[in-house]
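# Structure assessment
Each chain, letter by letter, is given below.
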Amino acid sequence: MKTNKFKLLVFKLSIFYPLAYFVFAIYYMLTNGWVVMPMHIAAMVFTFYAMIFAAKTLKSAELSESAKVSEYLGDFFLIWFYPIGIWILQPRIHKIIEKQNKNTTA
């Protein structure tokens, strides 16, 4: 239970940090240019973590068990290349939602 809460906390941080970085990066570039590089690298790491977390969650929901890296690696690239991946991922997400709705109403 603790590890799931920690992973969810890291995921939330990985969503909000890149957004905050984007907002404040212009200010830091104008004042302290050297500060931007470590912040940028951290934003990239957090963004990749968020994509990995989303891909693993999607595949785990489809399989109804914890997914392995080899099972969700393709989903990670579909999320990374969003304009192409959305056409493949969206129908799968709708199937999961429909399955969940059937289980809750039955």
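In the block above lies the structure referred to throughout.
Below: a short report on this structure. Each chain has its residues counted from 1, following the order in which its sequence is written. Predicted model: local features are reported for residues with pLDDT of at least 70 only, side-chain atom pairs are reported and counted for 80 or more only, and whole-chain, interface and lining totals are derived from all residues. Side-chain measures were taken over the full set of non-hydrogen atoms in the model, leaving aside hydrogen atoms and water.

Turning next to the packing of aromatic side chains. Each Phe, Tyr or Trp ring, with Trp reduced to its six-membered ring, pairs with another whose centre is within 6.5 Å; inter-plane angles below 30 degrees give stacked pairs, above 60 give edge-to-face pairs, and intermediate values give tilted ones. In total, this model carries nine aromatic pairs according to the counting rule given. Aromatic side chains F48 and F76 sit 6.2 Å apart centroid to centroid with 45° between the ring planes, which places their arrangement in the tilted category. Taken together, the positions of F48 in helix α2 (residues 33–63) and F76 in helix α3 (residues 69–80) put the pair 28 residues apart, joining distant regions of the chain. Relative accessibility under 20% of the residue-type maximum defines a buried residue, over 50% an exposed one, and the middle range a partly exposed one, all with a 1.4 Å probe and only protein chains included. Residue class for F48 comes out partly exposed when judged on its relative accessible area of 31%. By relative accessible area, which is 9% here, F76 ends up buried. With 5.8 Å between their ring centres and 20° between their planes, F77 and W80 make a pair best called stacked. What counts as a helix is a DSSP run of H or I of at least four residues, what counts as a strand is a run of E of at least two, and both are numbered from the N terminus.

The next point concerns unusual backbone geometry. The phi angle at S64 is positive, at roughly 60°, despite the residue not being glycine. With respect to the element layout, S64 can be found in the loop between α2 and α3. Accessibility expressed as a relative area gives 58% for S64, which makes it exposed.

Turning next to a nonpolar patch on the surface. Together, M37, I41, M44, V45, F48, I52, V69, L73, F77, W80, F81 and I84 make up an exposed nonpolar region whose accessible area comes to about 1,100 Å². Those elements that provide at least two residues to the nonpolar patch are α2 and α3. Here the nonpolar patch takes six residues from α2, the largest share from any one element. With respect to the helices, strands and loops of the structure, V45 is situated in helix α2. Exposure remark for V45: the relative accessible area of 52% places this residue in the exposed category. Here, patches come from residues exposed beyond 30% relative accessible area and free of salt bridges, joined within 9 Å for like charges and within 5 Å for nonpolar side chains (Val, Leu, Ile, Met, Phe, Trp, Tyr). Only the protein chains shown count as covering a residue, and every accessible area follows the Shrake-Rupley method with a 1.4 Å probe. What counts as a salt bridge is simple: a side-chain nitrogen of Lys or Arg found within 4 Å of a carboxyl oxygen of Asp or Glu.

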